[in-house]
Amino acid sequence: MRSIVALGRSGLEMFWFVLGCCRLFVDFLYWLFIGPIRGFKLRFGEIARQSVRMGVNSVPIVFLVNFFVGVTLAVTVADILKIFGAVDYTASVMGVGFWRELSPLLTAIIMSGFAGASLAAEIGTMKVGEELMALEASALNPIRFLCVPRLLAVMVMVPVVTLFGNVFGIYGGYLVYYGLLDLSWAQVYDKMLDAMKVKDVWVGGMKSVIFGTIVGIVGLGQGMRVSGGAEGVGRATTNAVVYSIILIIVADCILTVALYFF
């Protein structure tokens, strides 16, 4: 009985948190599109700084994860296709799989730990230190001043980093093709082009934008609702990563099923 009550309480908390994230996203859209019309300019310098901090600095981690996943997946797929005498199609499976599914998903999960946790800890520390109240006292809206540049940076950089993840993963697979299957780069390239469609490219790009939005909104949302001092900051940081991963996987499932019919 206690387990059922705890599960229900967690589900209800998740529901209210998602509702708060939706409200935060509406405020973000307001300050992004309506704010500049009313004279509140975007802070492009801060957007660039946050982009370097959360995007460029995450490239080495994305390289390591996608590269080794590419190697592992190529060996696994080649081993399965060898049974049917279709090893040459390993590159086709890798190309479509990485562009549509693996790279957006892996990169978003990495960014949830790299950028989402950082946002939650940073904004949460500001709230505990009453810096958000100081901004409001200075007639500066915290969402416009803090959240908009950070969320915009994450939304832009996750697709960019995902593109690098595609290259790293496919290159890792190519080393398998070249070393074990004796396929040249031209053969791998031709196989990928034959299998991939324009839909695969834009679906992967759309997913990366949505996943980046989830990472940014959840991280900022957790930071904005911190309470309880340093312990609350730690709890918000953990929740930011956990909630981001859950929502990313759920969104990926919904998008994949929905796009299957189009």
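Not measured: the values here are computed from a predicted model.

Summing up the model confidence of the protein chain, the mean pLDDT is 86 and the portion of residues at 70 or higher is 97%. The least confident element of the protein chain is helix α7 (residues 185–195), whose mean pLDDT is 78; the most confident is helix α8 (residues 198–224), at 91.

Applying the stated rule across the entire model yields eight salt bridges. The shortest N-O distance in the salt bridge between Glu46 and Arg150 comes to 3.7 Å. On the criterion of sequence distance, the pair formed by Glu46 in helix α2 (residues 44–54) and Arg150 in helix α6 (residues 142–180) is long-range, its members being 104 residues apart. The residue Arg53 makes a salt bridge to Glu122 at a minimum N-O spacing of 2.9 Å. You can see Arg53 sitting in helix α2 and its partner Glu122 sitting in helix α4 (residues 90–128), a full 69 residues away along the chain. Here Arg53 falls in the partly exposed class, since its relative accessible area comes to 22%.

Moving on, we get to helix α3 (residues 59–81). Because each turn of an α-helix spans 3.6 residues, side chains separated by three or four positions in sequence point in the same direction. When the terminal C-alpha atoms of α3 are compared, their 32 Å separation across 23 residues agrees well with the 33 Å that a helix rising 1.5 Å per residue should span. For α3, the set of buried residues is Val62, Asn66, Phe67, Gly70, Ala74, Val77, Ala78 and Leu81. Looking at the buried side of α3, the elements it contacts are α4 and α6.

Moving on, we get to the packing of aromatic side chains. Aromatic ring pairs are defined here through the distance separating the ring centres and the angle between the ring planes. Scanning all chains against the criterion turns up nine aromatic pairs. Seen in terms of ring centroids, Tyr171 and Tyr174 are 6.3 Å apart; in terms of plane orientation they differ by 35°. Their pairing is tilted. Placement of both Tyr171 and Tyr174 in helix α6 is noted, with a separation of three residues, approximately one turn of the helix. Grouped by ring-pair contacts, the aromatic residues Phe63, Phe67, Phe68, Phe164, Phe168, Tyr171 and Tyr174 constitute a single cluster. A cation sits over an aromatic face here: Arg43 above Phe145, 3.9 Å from the ring centre.

Cut-offs applied
Note that residues are indexed from 1 along each chain, following the sequence as it is written. Only residues with pLDDT of at least 70 are given local features in this predicted model, and only at 80 or more are side-chain atom pairs given and counted; all residues enter the totals for whole chains, interfaces and linings. Working from all heavy atoms in the structure, the side-chain values ignore hydrogens and water. Note on scores: pLDDT gives the predictor's confidence for each residue, bounded by 0 and 100. Runs of H or I in DSSP of at least four residues are treated as helices and runs of E of at least two as strands, each being numbered from the N terminus. Salt bridge, as used here: a side-chain nitrogen of Lys or Arg that lies within 4 Å of a carboxyl oxygen of Asp or Glu. Each residue gets one of three labels from its accessible area relative to the maximum for its type: buried under 20%, exposed over 50%, partly exposed in between, using a 1.4 Å probe on protein chains only. In this analysis, the expected span of each helix is defined as 1.5 Å times one less than the number of residues it contains. By the convention used here, residues are in contact when the closest approach between their heavy atoms is within 4.5 Å. Working definition: a ring pair exists when centres of Phe, Tyr or Trp rings (six-membered ring for Trp) sit within 6.5 Å. Plane angles under 30 degrees give stacked, over 60 give edge-to-face, the rest tilted. For a ring to carry a charge above it, either NZ of a lysine or CZ of an arginine must fall within 6 Å of the ring centroid while also lying within 35 degrees of the normal to the ring plane.

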